[in-house]
Amino acid sequence: MKFVITKGKLAFAGLALALSGAASAAGGHALPYSYVADVDNLPSVQRGAKVFMGYCSGCHSMKYLRYGRIGQDLQIPEDLLKANLMFTSDKPGDVIQASMHKDSAAKWFGQAPPDLTLETRARGESWVYSYLKSFYVDPTRPVGVNNLVLPGASMPHVLWELQGWQAKAAEGEHHAEGGHGKHSPFTSVEPGTLSSDEYDKLVGDLVNFMAYAAEPGRSARQSLGIKAIAYLLVLLAFAYLLKKEYWRDVH
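Residues numbered from 1 in each chain as written. Predicted model: local features only at pLDDT ≥ 70, side-chain atom pairs only at ≥ 80, totals over all residues. Heavy atoms only, no water.

Chemist: Quick question: what am I supposed to make of the overall build of the protein chain here?
Modeler: Within the protein chain, the secondary structure is distributed over ten helices and eight strands. Counting only residues that meet the buried cut, the protein chain has 40% of its 251 residues in that class. At a minimum sequence separation of 6, the contacts of the protein chain that also span at least 24 residues come to 71%. Counting only carbon and sulfur atoms, one obtains 58% of the accessible surface of the protein chain, whose full area is about 13800 Å². (Helix = DSSP H or I, 4+ residues; strand = E, 2+ residues; numbered from the N terminus. Buried < 20%, exposed > 50% of the residue type's maximum accessible area, 1.4 Å probe, protein only. Contact = heavy atoms within 4.5 Å. Areas by Shrake-Rupley, 256 points an atom, 1.4 Å probe, with all protein chains shown as cover.)

Shown next as structure tokens:
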């Protein structure tokens, strides 16, 4: 799957990621979709980085993540990093700053878009995934869309050209989504440039990158944890055998 990053896309940049709850949508009902990020899927995280920088970094920063760390962790050479991911700086040591000035964003959208470095940890991976899949047409809203996860959201659906437009299904009604027996609380109004499955994959890639950004050392920590547990289990076995040897004559 290929897509082109343009300046027009950077202008709106990721406004679809905003305030949220971790386990439920606004109003307390269950999230329409669930997702568990896979930060060990390097190609997916690389694709997600490209999606974030192309659609989100114009308005949203990641002030706790440096370009150089992305290049190192995701195995991206510096020349490719600068050409494809670094739009607000040419220094790998810089953190990711939004292209849009905070004052301008606050004037246009009512408030400055939040920093997204820790978004998946604060809100939950399933929330972000559901939010990006849950925009639907609503003529009563100023931007013409609403969101099932965050009703009354003021930001536009910046990924509309990829997902297309969808309408909210009637209460209790669900429609087939994709070709794998999945069900959706929406019905398609106008298709996008991606199929349902392709859009799901793109959103998954983006959430994987955001989960990586929230904790770049996550994979190393988990790997070290497994090794530490294995070491302790081996040590426990030797300790048990030693205990039996010491107490053999007593019993």
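Chemist: Can you help me understand the state of the cysteines in this one?
Modeler: Where two cysteines share a covalent bond between their sulfur atoms, that bond is called a disulfide. Scanning the entire structure with this criterion turns up zero disulfides. Between Cys56, a free cysteine, and Cys59, which holds the nearest cysteine sulfur, the sulfur-to-sulfur gap is 9.2 Å. Given a relative accessible area of 5%, Cys59 falls into the buried group. (Disulfide = S-S within 2.5 Å.)

Chemist: Is there a simple way to think about the confidence of the model for the protein chain in this case?
Modeler: Close inspection of predicted coordinates is inappropriate in any region flagged by low pLDDT. Chain-level statistics for the protein chain give a pLDDT mean of 84 and a share of 83% at 70 or above. At the level of individual helices and strands, the protein chain shows its lowest average pLDDT in helix H1 (residues 7-12), which scores 40, and its highest in helix H9 (residues 196-214), which scores 97. Below pLDDT 50 for its whole length, residues 1-22 participates in 76 contacts with residues either more than four positions away or in separate chains. (pLDDT = per-residue confidence, 0-100.)

Chemist: Looking at this structure, I do not really get the environment of Ala220. What am I missing?
Modeler: The residue Ala220 is located in helix H10 (residues 218-247) in this model. Once the C-alpha coordinates of Ala220 and Asp40 are considered, the two residues, 180 residues apart in sequence, prove to be 9.7 Å apart.

Chemist: Explain the environment of Ser24 here, please?
Modeler: Relative to the helices and strands, Ser24 resides in the loop between H1 and helix H2 (42-55). Accessibility expressed as a relative area gives 25% for Ser24, which makes it partly exposed. Residues Ser24 and Ser130, spaced 106 residues apart in sequence, show a C-alpha to C-alpha distance of 9.8 Å.

Chemist: Quick question: what am I supposed to make of the pattern of salt bridges here?
Modeler: Any two side chains of opposite charge can pair, on the condition that their charged atoms come close. The full count for this structure, using the stated rule, is six salt bridges. Between Asp200 and Lys133 there is a salt bridge, with its nearest N and O atoms 2.6 Å apart. Residue Asp200 is found in helix H9, and its partner Lys133 is found in helix H7 (residues 125-133); the two are separated by 67 residues along the sequence. The exposure class of Asp200 is buried, given its relative accessible area of 10%. (Salt bridge = Lys/Arg side-chain N within 4 Å of Asp/Glu carboxyl O.)

Chemist: Looking at this structure, how should I read the nonpolar core?
Modeler: Soluble globular proteins: nonpolar side chains tend toward being buried together. In terms of nonpolar packing, the biggest core is built from 51 residues, with Phe52, Met62, Ile70, Phe209 and Tyr212 touching the most fellow members. The set of elements that each furnish at least two residues to this core consists of H2, strand S1 (62-66), helix H3 (67-73), H7, strand S3 (135-137) and H9. In terms of residue count, H9 provides more of this core than any other element does, ten residues in total. Apart from residues lying up to four places away in sequence, Phe209 is in contact with Val45, Gly48, Ala49, Phe52, Met62, Leu65, Ile70 and Leu74. (Core = buried A, V, L, I, M, F, W, Y, C linked by side-chain atoms within 4.5 Å.)

Chemist: Sorry if this is basic, but what is going on with the packing of H2 against H9 here?
Modeler: Packed helix pairs are characterised by how far apart their axes lie and by the angle those axes make with each other. Viewed as axis vectors pointing N to C, H2 and H9 meet at an angle of 95°, and their least axial separation amounts to 7 Å. Between H2 and H9, the angle falls in the class roughly perpendicular. Together, Ser44, Val45, Arg47, Gly48, Ala49, Val51 and Phe52 of H2 and Lys201, Leu202, Gly204, Asp205, Leu206, Asn208, Phe209 and Tyr212 of H9 make up the contact between the two elements. Among the residues forming the contact of H2 with H9, the class breakdown is eight nonpolar, four polar and three charged. (Axes fitted to C-alpha atoms, helices over the stretch in contact; angles between N-to-C directions. Parallel < 35°, antiparallel > 145°, perpendicular 65-115°, else oblique. Nonpolar A, V, L, I, M, F, W, Y, C, P; charged D, E, K, R; others polar.)

Chemist: Mind showing me how you'd approach unusual backbone geometry here?
Modeler: With glycine set apart, most residues show a phi of negative sign, and most peptide bonds adopt trans. With a phi angle near 55°, Gln75 is a residue other than glycine that sits in the positive phi range. Structurally, Gln75 can be placed in the loop between H3 and helix H4 (78-84).

Chemist: How should the side chain of His157 be read in this particular structure?
Modeler: Tracing the backbone through its elements, the reader meets His157 in the loop between strand S4 (145-147) and helix H8 (160-163). A distance of 2.6 Å separates polar atoms of two side chains, one belonging to His157 and the other to Gln163. For His157, the contacting residues outside a window of four places in its chain are Leu132, Phe135, Val145, Gln163, Gly164, Trp165 and Tyr199. (Polar contact = N/O pair within 3.5 Å; in protein donor to acceptor, adjacent residues only side chain to side chain.)

Chemist: Would you take a moment to explain the packing of aromatic side chains for this structure?
Modeler: Two aromatic rings are characterised by how far apart their centres lie and by the angle between their planes. Counted under the stated rule, the structure contains eight aromatic pairs. For the ring pair Tyr33 and Tyr129, a centre distance of 6.4 Å and an interplane angle of 85° mean the geometry is edge-to-face. Of this pair, Tyr33 sits in the loop between H1 and H2 while Tyr129 is found in helix H7, placing the two residues 96 residues apart along the sequence. Grouping residues by exposure puts Tyr33 and Tyr129 together as buried. Pairwise contacts between aromatic rings join Tyr33, Tyr35 and Tyr129 into one cluster. Above the plane of the ring of Tyr33 lies Lys133, whose end atom (NZ or CZ) is 4.4 Å from the centre. (Phe/Tyr/Trp six-rings, centres within 6.5 Å; stacked < 30°, edge-to-face > 60°. Lys NZ or Arg CZ within 6 Å of the ring centre and 35° of its normal.)

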